[in-house]
Amino acid sequence: MPTYKIRGIDVDFPFEAYDCQLVYMDKVIQSLQNKCNALLESPTGTGKTLCLLCATLAWRKSLGSFSTGISVSSSQYDSKSQSSTPKLPTIAYTSRTHSQIRQVIQELKRTSYRPKMVVLGSREQLCIHDTVSSLHGKAQSNACLLLRKSRHQDEKHEKQEKRASCAHYYHVADYLKSNPHLGDEPIDIEDLVNIGKSSGPCPYYMSREIHKVVDILFAPYNYLIDRGYRKSLNLNFKNSILIFDEAHNLESLCADAASFDLPYWLLTACISEAKNCIDISVTRREISDDKSNNPDNYAILRALLLKLEKRIAEVPIGSKELGFSKPGPYIYELLADLNITHETALKLVSIIDDATKLLEEDNQQKGKNNICRLESISNMLNIVFRQDTTHAKFYRVHVQEVDASAPDGLRGKASRTLSWWCFNPGIALEEFPKMEVGSLILTSGTLSPMDSFALALKLEFPVRLENPHVITSNQIWAGVVPCGPSSYSFNSSYRSRDSLEYKQELGNAIVNFARIVPDGLLVFFPSYYLLDQCIACWKTTNQANSATIWERISKHKRPVVEPRQSSLFLLSIEDYMAKLKDTSSSGAIFFAVCRGKVSEGLDFADHAGRAVVITGMPFATITDPKVRLKREYLNEQTHFQREAGKSESLTGEDWYSQQASRAVNQAVGRVIRHRHDYGAIIFCDERFSHSNRQSQISLWIQPHLKTYSKFGDVVLTLTRFFRDGRDWGPTKLKLLESEKLVDLSSTTKSAQIGESEVKVEQSRDKFNLEKLQRSTVSAGSVLEKVQAANRLSLTSFKDQSATSTSSNELLGNEKKLLISAGKALRYQSSRTGTTDSPRNSILNEESFRALLTPCPSKKRKVVGTKHEVMLHDENFKDHSHCLRNCASNDFSSSPSSLECESRRDSDSRSTQSAQIGVSLLSEESRTRNNKKMEADVVGRKDNVTSGNTETRGSDFLNQVQEKLGASEYEEFVNLMKAFKSKAMNLTEVLGSIARLFSGPERFSLLKRFKDFVPTKYHSIYDQFHNTSNDPGGKRDEH
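Let us look at the structure shown here. Keep in mind it's a predicted model, so treat the numbers as computed, not measured.

1. Some thoughts on the overall build of the chain
Then, in step 1: Each helix and strand counted, the chain has 41 helices and 23 strands in total.
Then, in step 2: Considering the chain as a whole, with its 1038 residues, one finds that 57% of them fall into the buried category.
Then, in step 3: Across the chain, every contact between residues at least 6 apart in sequence was considered, and the portion connecting residues at least 24 apart equals 79%.
Then, in step 4: Taken as a whole, the chain presents about 44,000 Å² of accessible surface, with 49% of it coming from carbon and sulfur.

Here is the structure:
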């Protein structure tokens, strides 16, 4: 496993790391060492999670050994002796959903690091009690509490008749005592549940005990954002490291966690529950003289709620559209009229807690499974009276009146909702600096625009990064389409979106896209309104040929529409996947909405998403009260800051615009999910042609983005792009043969689409720096601090020290060769407007040329042996698995992204490529124990004498150069370099080369190349050999 020294820290990484990964890990360690916050963006497919884990755990390990083998009991026993020793920092790694955390645990298993760890979850995920596990929310928590309480009471009064209790809870201590190593190896929620079911201990309380001694814990966001959850953690926050992965939604999540809405129907339900508490407590007193619950308290609670209902009803509302709005501190005035203050609120919360427990006891006795609504009042009071009144200035009070819906039981009558909205999301994170947290790391694939993101959270982020993608320019088509086939402008604003011409023009454009794009096509609308309007128009409006637009779309791709109801979402995903697999059509088309479920947590890798169409800017409804008040709030804050002489501020208009851009970036990120993937990004709105709008699109897309003035040019270039794309990877039929879909029932928010094998392989892959565009940060300055060292054992050589030195030197040279070769790809910085010049590269041209000559045979032997060990260990444990991955990955090796230079430079590169190829072919032939190889004689040009291997390799390359075009020959050499540097596994290289050599006129190349393939891999090559020459193996043309 390679080791890299980054800022003085030895980082073990499972594979050869390249530019974007090293830069990312450097930024992580910089943040940790400097105890500052970091904002890191890296597109999906760049190994972000793996880099984050390796860098963080390497830094933590440098401070002291991990806590593996330590049990909770021994930790508590030794706490006194360790009190004088400063505690090493704990890492809290959070993500949005449990399914995302599950993926992070899988990445942890692939690293060499084994910290003490645990995953925290709710009782809904972890409870295994037959009765309690079927409950939800507060009812489940109270039921669990009652069962544990019953056991304690039974132990005190053994003569009394024993009540039901939870045996799982009382097995936890003994199990952890006898299994102190639990958590030393990566475990997930499912592992804890399986232990509980097989051995008896409660998984929920096991995780709660283990988390007291861990080095790293994994949990959903709310464990850090929500004050209640945060207080339940036995975590020393001083110097701790808090990581928020997939943090693009953190701003809205923080604001929502600090806000509340109290609709009329909920308040009515709370009043009814308070009345039930009075009745239950009175009945218990009459029957059993049970005085534990005072009915007078519940009567007071009910009276206050009735007064609150009346107070809300009396609020003057001028118009339903505007509602009633006041500054945040007004909430205290409103509640003071009910005698609810800081002093009385605590007592009221206590009464509500007693009431919820009483209702749960009654539900258990009567066998009911009712949800307790009273806890919403308790949550409301905790938010309002969380501290002094200073935080209220970040809020707005709003009362809105709408017509009651059917569930309210008051259909047609006016219904009011009291809201207290937080417009400063940083309020949920402001306590971390006060708790002396070491570093706060926020990372995602789509954080752009980054400046507004940092301003919204009201935190300083000295360390920032916007990483490029690892794909090449020939793997992405990104274009702005300002007009349709009839030259009618695309603009989804309210001025034109309802016109028949706009809908028909958009429909006709999508008909063309459905015809051109293979397999899966995603179409995102700004809103459900526009989605419904367009589809209704397409289904009813006939064209000249009497077929509707919808029928013409369906002719090319079978349509699926994202439902509004969450309960139907899984069915729509399953429908889409079923239609993708239908070989009678050319694929499926998914009509969805920006900010919807499809745009947020789904992975449309490979054939599941070959293109994404953005039909407009997803601006929030400007008349929405929450949006209107947010804009007003930000404009007020901007005015105050400018008066105070502060230049950095976010206006309401900036926020409104950037929220739309962030939603676009999130939707666009559904496609091109790994380095072998390819796809098109199509912006069908003329507003995307404006420079200010393009500057807010994810940085990795901007260099590839082009505006097309004619729709015909769009059709032409898209057709060419996907025509070439079919040569990069397997067809849809081959993909479907090996497809293994993720179980969609496991989650709704982050259901994974595509092939699980592809998903695993994409993160296992390393990154080819020949094709890697340069980062906007100074990669050269960072990499100067990174010293690559390979720690694989070379004990087969007698002079180990000398061998290791030369080996590491050569491996370092290979690494530098790849980095230098990547100079030809330019990545333009949006900040500086400059491109990477050769002098900014890691190696200069002289170093690059020096590396092109073949290495001495002794050194080549060392590198070859080393690579054989690495390939054997990582890529060839299961040949059939490798073949399946190759058959299910779309791969592009064409270096069309290389910039055109002068003819002389081109000729020079050809000579250099030939030298590299000779070296590589010679090296591979030497690894076959110096067996004598016989050349096949196929035609006059195929006669090759059996001279030394370097001559034979040179002759073969000359023959390859004659048979292939210039671009194909350069692709072949790049593939050989990728194999030597282990940037691709052997299966992928052989498959790509076999495709290059397919065809009757190149059969001799296909056959001869086998002589340069190590014997033990002949079986793999033979399969590609047979496939490439199968007369019936021609691809279907769409």
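2. Some details on the packing of aromatic side chains
Then, in step 1: In the structure shown here, the tally under the stated rule is 28 aromatic pairs.
Then, in step 2: Counting every residue linked through ring pairs, the aromatic cluster contains Phe260, Tyr332, Phe385, Tyr395 and Trp420.

3. Side note on unusual backbone geometry
Most peptide bonds take the trans configuration, and most residues that are not glycine carry a negative phi.
Then, in step 1: With omega at -5°, the peptide bond leading from Ser448 into Pro449 counts as cis.
Then, in step 2: Tracing the backbone shows Pro449 in the loop between strand E12 (439-444) and helix H19 (450-457).
Then, in step 3: In the Ramachandran plot, Ser487 falls in the positive-phi region, its phi being about 70° despite a non-glycine side chain.
Then, in step 4: You can see Ser487 is positioned in the loop between strand E14 (476-480) and helix H20 (500-516).
Then, in step 5: The class for Ser487 is exposed, based on a relative accessible area of 55%.

4. A look at the sheet that holds strand E3 (residues 38-41)
Then, in step 1: The sheet built from seven strands is open, its strands ordered E5-E6-E4-E7-E12-E3-E13 with parallel pairing. Of all strands in the sheet, those bounded by a partner on one side alone are strand E5 (117-119) and strand E13 (463-466). Sheet twist, expressed as the mean angle between neighbouring strand axes with direction ignored, is 15°.
Then, in step 2: As paired strands, strand E4 (residues 91-95) and strand E7 (residues 241-244) are joined by four bridges and run parallel to one another. For Tyr93, the partnering residue across the bridge sits in E7 and is Ile243.
Then, in step 3: In the packing of H19 onto the sheet, the strands contacted are E3, E12 and E13, and the crossing angle to E13 comes to about 145°.

5. A short note on the packing of helix H1 (residues 19-34) against helix H2 (residues 48-63)
What describes two packed helices is the angle between their axes and the distance between those same axes.
Then, in step 1: One way to put it is that H1 packs onto H2 with a least axis distance of 9 Å and a crossing angle of 40°. As far as their axial angle goes, H2 and H1 are oblique. Like other packed secondary-structure pairs, H1 and H2 cross with a definite hand, here right-handed. Where H1 abuts H2, its residues Gln21, Tyr24, Met25, Val28, Ile29, Leu32 and Gln33 lie against Lys48, Cys51, Leu52, Cys54, Ala55, Thr56 and Trp59.

6. Topic: the pairing of E14
Then, in step 1: Counting buried residues along E14, five of its five residues qualify, which places the element largely inside the surrounding structure.
Then, in step 2: Side chains Ile476, Ala478 and Val480 project from E14 onto one buried face, and the interleaved Trp477 and Gly479 project onto a second face that is buried too.
Then, in step 3: Two strands pair when backbone bridges link them, and E14 and strand E21 (residues 705-707) are joined in this way by three bridges, in the parallel orientation. Bridge assignment links Val480 to a residue of E21, and that residue is Thr707.

7. Quick notes on the side chain of Asp685
Then, in step 1: Tracing the sequence through the fold places Asp685 in the loop between strand E20 (679-683) and helix H27 (691-694).
Then, in step 2: Overall, Asp685 belongs to the buried group, its relative accessible area being 0%.
Then, in step 3: For Asp685, the residues in contact, after removing those within four places along its chain, are Val480, Val481, Phe490, Asn491, Ser492, Thr615, Gly616 and Met617.

Reading the values: the criteria
Residues numbered from 1 in each chain as written. Predicted model: local features only at pLDDT ≥ 70, side-chain atom pairs only at ≥ 80, totals over all residues. Heavy atoms only, no water. Helix = DSSP H or I, 4+ residues; strand = E, 2+ residues; numbered from the N terminus. Buried < 20%, exposed > 50% of the residue type's maximum accessible area, 1.4 Å probe, protein only. Contact = heavy atoms within 4.5 Å. Areas by Shrake-Rupley, 256 points an atom, 1.4 Å probe, with all protein chains shown as cover. Phe/Tyr/Trp six-rings, centres within 6.5 Å; stacked < 30°, edge-to-face > 60°. Pairing = 2+ DSSP bridges. Axes fitted to C-alpha atoms, helices over the stretch in contact; angles between N-to-C directions. Parallel < 35°, antiparallel > 145°, perpendicular 65-115°, else oblique. Left-handed = near helix turned anticlockwise from the far one by under 90°.

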